[in-house]
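# Descriptive structure summary
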Amino acid sequence: MEMKRKNGAKYLLLTPGNYGADFVKENTKFDVESSMKCSNYVGETLDMAVELGFLGVLFVAHIGKFVKVSGGIMNTHSREADCRVELLVAAGLRAGVSRDNLMKILDSATTTEAIAYLEEEKKTKPVMDYLMERIIYYTNKRAGGKMKIECILYDNQYGELAKSEGAEEFLHELQHENVNANETTI
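Our next topic: the overall build of the protein chain. Summing up its helical and strand segments, the protein chain has nine helices and five strands in all. Counting from the amino terminus, helix and strand elements in the protein chain follow one another as α-β-α-β-α-β-α-α-α-α-α-β-β-α. Taking 2.2 N^0.38 as the reference for a compact globule, 186 residues should give roughly 16 Å; the C-alpha atoms of the protein chain span a radius of gyration of 17 Å, in line with that estimate. Over its C-alpha atoms, taken along the principal directions, the protein chain stretches across nearly 60 × 30 × 25 Å. Contacts spanning at least 24 positions in sequence make up 64% of the contacts within the protein chain whose residues lie at least 6 apart. When the accessible area of the protein chain is evaluated, it comes to approximately 9700 Å², of which 48% is carbon and sulfur surface. Charge separation in the protein chain, taken as the distance between the mean sites of 23 positive and 28 negative side-chain charges, equals 3 Å.

Written out as structure tokens, the structure reads:
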């Protein structure tokens, strides 16, 4: 991250892991080699980015990892916290998901399984939009409002689930910065 900043980068594309990098590669024109993995350390990554003076970050994250961030959890390792289905149920309750499906979500082993119950009632979009709102709230809170934060949530089976308001524009900015960086190094 320090090297990127010293080389003039103002923005970061962050993925918690390989799935995020794969999603970026398959769904955008962005050079995935320019992205960085933050693993489970969302909070510490934001702290470093603020300290280094980055202007913003775009997270591209699997719902199974980032649903935790919607609850303010900044270390997403299951050893630290795992309330994936509980957070999905809370968001589902707000969106009017039926009690039967909320109970099924609560018993789900994976977020992909839980999404199937949201899909049954066509409630995936309102649930994911609410989770995105909370993710942006908590990441901005952690960063102290000192940088722009955007996010794209996806699932390997269901694809893109939600995108923060400025995510698409931010991705274009990152692509532009990446092209300019490559031109200056050639």
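There is more to say after this.
Two aromatic rings, taken as a pair, are described by how far apart their centres are and by the angle between their planes. In total, this model carries four aromatic pairs according to the counting rule given. Between Phe59 and Phe66 the ring centres are 5.0 Å apart and the planes differ by 50°, which places this aromatic pair in the tilted class. When its relative accessible area of 1% is taken as the criterion, Phe59 is described as buried. For Phe66, a relative accessible area of 0% gives the class buried. Residues Tyr137 and Tyr138 carry aromatic rings whose centres are separated by 4.9 Å and whose planes lie at 75° to one another, so their mutual orientation is edge-to-face.

The phi dihedral of Ser39 is positive, around 55°, even though this residue is not glycine. Note that Ser39 resides in the loop between β2 (36–37) and α3 (42–51). Under the relative-accessibility criterion, Ser39 is labelled partly exposed at 31%. Positive phi outside glycine occurs at Lys122, with the angle close to 55°. Residue placement: Lys122 occurs in the loop between α7 (111–120) and α8 (124–143). With relative accessibility at 72%, the residue Lys122 sits in the exposed group.

What follows is about the pairing of strand β4 (residues 148–155). In terms of residue burial, β4 counts as a mostly covered element, since seven of its eight residues are buried. Examined bridge by bridge, strand β3 (residues 56–62) and β4 share seven bridges and lie parallel to one another. Paired with Ala61 across the bridge in β4 is Leu153. For β4 and strand β5 (residues 159–163), the ladder comprises four bridges, and the chain directions are antiparallel. Bridging from a neighbouring strand, Asp155 pairs with Gly159 of β5.

Take Asn75: it is sitting in the loop between α4 (63–66) and α5 (84–95). The class of Asn75 is buried, set by a relative accessible area of 18%. One polar contact links the side chain of Asn75 to the main-chain amide nitrogen of His77, over a distance of 3.1 Å. With residues up to four places along the chain from it excluded, the contact list for Asn75 reads Asn40, Tyr41 and Glu80.

Cut-offs used in this document
Residues numbered from 1 in each chain as written. Predicted model: local features only at pLDDT ≥ 70, side-chain atom pairs only at ≥ 80, totals over all residues. Heavy atoms only, no water. Helix = DSSP H or I, 4+ residues; strand = E, 2+ residues; numbered from the N terminus. Rg over C-alpha atoms; globule rule 2.2 N^0.38 Å. Contact = heavy atoms within 4.5 Å. Areas by Shrake-Rupley, 256 points an atom, 1.4 Å probe, with all protein chains shown as cover. Lys, Arg positive; Asp, Glu negative; His and termini not counted. Charge placed at Lys NZ, Arg CZ, Asp CG, Glu CD. Phe/Tyr/Trp six-rings, centres within 6.5 Å; stacked < 30°, edge-to-face > 60°. Buried < 20%, exposed > 50% of the residue type's maximum accessible area, 1.4 Å probe, protein only. Pairing = 2+ DSSP bridges. Polar contact = N/O pair within 3.5 Å; in protein donor to acceptor, adjacent residues only side chain to side chain.

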